[in-house]
Amino acid sequence: MSLHFEILNSGAAGRRGTLTLPHGQVETPAFMPVGTAASVKALPQHFLEELDARIILGNTYHLYLRPGHELIRRMGGLHRFMSWPRALLTDSGGFQVFSLNELRKVTEEGVRFRSHLDGSSHFFSPEHSMDVQIALGSDIAMAFDECLEYPADRERARKSLDLTMRWAARSKAHFDAHKHEAPWVDELEQTPNLFGIVQGGMFADLRRESAERLVEMDFPGYAIGGLSVGEPRELTREIIADTLPLLPADKPRYVMGVGYPDEIVEYAKMGVDMMDCVLPTRAARHGLLFTSEGRLNIKNRRFAEDQGPLDPECSCPVCQRYSRAYLRHLMAAQEPLAAVLNTLHNLAFYLMTMRRVREELAGSVPSI
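Residues numbered from 1 in each chain as written. Predicted model: local features only at pLDDT ≥ 70, side-chain atom pairs only at ≥ 80, totals over all residues. Heavy atoms only, no water.

J.: Mind showing me how you'd approach the overall build of the protein here?
T.: Of the regular secondary structure elements, the protein holds 15 helices and 17 strands. Taken over C-alpha atoms, the radius of gyration comes to 20 Å for the protein, in line with the 21 Å a tight globule of 368 residues would show. Looking at the protein residue by residue over its 368 residues, the buried ones come to 55%. If you take every contact in the protein between residues at least 6 apart in sequence, the share linking residues at least 24 apart comes to 66%. (Helix = DSSP H or I, 4+ residues; strand = E, 2+ residues; numbered from the N terminus. Rg over C-alpha atoms; globule rule 2.2 N^0.38 Å. Buried < 20%, exposed > 50% of the residue type's maximum accessible area, 1.4 Å probe, protein only. Contact = heavy atoms within 4.5 Å.)

This is the structure:
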C-alpha cells in the first residue's frame, strides 16, 4: 500500500498514530516544516534530519514557477532534487493563487493568474495542479481548491464550496489516472496519495456538506483548509471541532496552515494528526523565538549582555551552545547565521512540542 495509517492510542486527549508513506514513516500528531521553494528557509536538509523531521512541505505554485516542475521531474523528482529522502507533502497551489488577489481570475475551468516574479500569465486547473504535483513526486498531494477569503457571506461561501467540490472530483479522477507517472513509482513500486480539502468558509453546515461530499469520493486522507485567513482563533477552533468528527476516524486528518505552539498542541489534543505553518521559520528570520517561557524577541536590548542560553529547558544545538547575547548580536549585525540559528531553534521547539504530545498520549511524559 502507498499509505497505511495505524492508530496506536485514541481518546479524549487526542490520538497517536503511525503514518507509513512511500518515503518513510511519520509519527502523528506531527508538525510539518514548510519548505516553500524546495528548501526550509535557512536550514540545510541534514539539520532537519537531526531534528527528526519526518515530513516536510513543498509549494506547488512556487516550484512550478521556479525552477519548473518538468525540470524537477527530469532530475528524478523533488526528493532527489533537494536531497531529501524522507516524506514530502505538496500543496495544490490554491492558497498561493488565492493570495495573489488582484492578479487572478477564477472560472469553472480553473484560475488564470499572473506570476508574482515577472507578471507572466499562467493557468492552473485541477488537472494541471495534479500534473505538477505528480511531476514533483510528493508522497501526499492535495486536491485543487479555492481558498475562501474572510470574511465572506453565505452566498459567496456556497458558490465557492460547490466549485471546490467539482474541482475535488476532477482532481481525484485525473490524479488516479496519472499517479503512476510520478518519478519514483517504478523504483519503489508504490504511488503517491491525494488528500481532499474541506472548505465552506465559516459556516458549520457548509463545512459538514463539504466533508460528507469528500468522504463519498473516498480519499486516503482529508485536510481542513480555509483557516488562518484572518478569522479569530476561537472561530478556527470551533470549525476544527465541528469538522473533525465528520471525517473518517481511520484516515489521517490534516489542518492546514496552523499555528502558534499552544495552538498546535490544542488541535493535536482535539484529534488532528498533521499540521503545518510557516510561522516558526518566518518568525525566526525576524528575531521572534519560541521558548518554554513564551515568545521572545531576541532583538531586544535587554539581551545585549545576557550570557544565558536562549531557552534553559531546550536541548537543541542552539540552546546548548550559544548565548542570548550572541544571538542578539547576529540579528543586530544582520549576519545570515542569525536566520540559521533562530530557525534551527524554532523548528526544534515545534518538533519537540509535538513529540511531547505524542509521549503524553503514549502514557509517558518525558523529562525536559
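J.: Quick question: what am I supposed to make of a positive patch on the surface here?
T.: A surface patch of positive charge is lined by K41, R66, R282 and R285. Along the chain, the position of R285 falls in helix α12 (residues 279–285). (Patch = residues over 30% accessible without salt bridge, like charges linked within 9 Å, V, L, I, M, F, W, Y side chains within 5 Å. Areas by Shrake-Rupley, 256 points an atom, 1.4 Å probe, with all protein chains shown as cover. Salt bridge = Lys/Arg side-chain N within 4 Å of Asp/Glu carboxyl O. Lys, Arg positive; Asp, Glu negative; His and termini not counted. Charge placed at Lys NZ, Arg CZ, Asp CG, Glu CD.)

J.: Sorry if this is basic, but what is going on with the sheet that holds strand β8 (residues 104–106) here?
T.: Hydrogen bonds between backbone atoms are what pair the strands of a sheet, whose relative direction is either parallel or antiparallel. Taken in spatial order, the three strands of this open sheet run β8-β9-β10, and their pairing is antiparallel. Strands with a single pairing partner mark the edges of an open sheet, and in this sheet they are β8 and β10 (121–124). Taken over all neighbouring pairs, the strand axes of this sheet differ in orientation by 15° on average, direction set aside. Summarising the sheet, β8 and strand β9 (residues 111–114) pair through three bridges and their orientation is antiparallel. (Pairing = 2+ DSSP bridges. Axes fitted to C-alpha atoms, helices over the stretch in contact; angles between N-to-C directions.)

J.: How should the pairing of β9 be read in this particular structure?
T.: Successive residues of a regular strand alternate their side chains across the two faces of the sheet. Across the two faces of β9 the burial differs, with V111 and F113 buried and R112 and R114 not buried at all. Counted along the chain from β8 to the antiparallel partner β9, the turn is four residues long. Direction of pairing for β9 relative to β10: antiparallel, over a ladder of four bridges. Looking at β10, one finds that R114 is bridged to S121. The antiparallel hairpin formed by β9 and β10 contains six residues in its connecting segment, where G119 sits at a positive phi of about 80°.

J.: Would you mind showing me how to read the environment of L48 here?
T.: By secondary structure assignment, the location of L48 is in helix α1 (residues 45–50). What makes L48 buried here is its relative accessible area of 0%. In the structure, L48 is positioned 296 residues away from L344 in sequence and 8.3 Å away in space, judged by C-alpha atoms. Among residues more than four places away in sequence, those in contact with L48 are V40, L43, A53, I56, W84 and L347.

J.: What am I meant to see in the packing of aromatic side chains here?
T.: For any pair of aromatic rings, the description rests on two quantities: the centre-to-centre distance and the angle between the ring planes. Within the structure shown, the criterion is met by 10 aromatic pairs. Here the aromatic rings of F31 and Y350 are separated by 4.8 Å at their centres, their planes lie at 55°, and the arrangement is tilted. One end of the pair, F31, is in strand β4 (residues 30–32); the other, Y350, is in helix α15 (residues 336–361), and 319 residues separate them in sequence. With relative accessibility at 4%, the residue F31 sits in the buried group. Among the aromatic residues, ring-to-ring pairing joins Y61, Y64, F113, F124, F144 and W167 into one connected group. The ring of Y260 is capped by R295, whose NZ or CZ atom sits 3.9 Å from the centre of that ring. (Phe/Tyr/Trp six-rings, centres within 6.5 Å; stacked < 30°, edge-to-face > 60°. Lys NZ or Arg CZ within 6 Å of the ring centre and 35° of its normal.)

J.: Help me out: how do you make sense of the packing of helix α6 (residues 126–136) against helix α7 (residues 154–178) in this one?
T.: Helix-helix packing is characterised by the crossing angle of the two axes and by the distance between the axes. At their nearest, the axes of α6 and α7 sit 8 Å apart, and the two run at 40° to each other. Taken together, the axis directions place α6 and α7 in an arrangement best described as oblique. As α6 packs across α7, the resulting crossing turns out to be right-handed. Residue-level inspection shows P126, E127, M130, D131 and I134 of α6 in contact with α7, the latter providing W167, R170, S171, H174, F175 and H178. (Parallel < 35°, antiparallel > 145°, perpendicular 65-115°, else oblique. Left-handed = near helix turned anticlockwise from the far one by under 90°.)

J.: Can you walk me through the state of the cysteines in this structure?
T.: Each disulfide consists of one covalent bond between the sulfur atoms belonging to two cysteines. Going through the model one piece at a time under the given rule, you end up with zero disulfides. The structure places no disulfide on C319, whose sulfur is separated from the nearest cysteine sulfur, that of C316, by 3.8 Å. With a relative accessible area of 6%, C319 lands in the buried category. (Disulfide = S-S within 2.5 Å.)

J.: Hey, could you run me through the side chain of T236 in this one?
T.: Mapping T236 onto the fold places it in helix α10 (residues 233–243). In terms of polar contacts, T236 uses its side chain to reach the side chain of E231, at 2.6 Å. Once residues within four sequence positions are removed from consideration, T236 is found in contact with L227, E231 and Y267. (Polar contact = N/O pair within 3.5 Å; in protein donor to acceptor, adjacent residues only side chain to side chain.)

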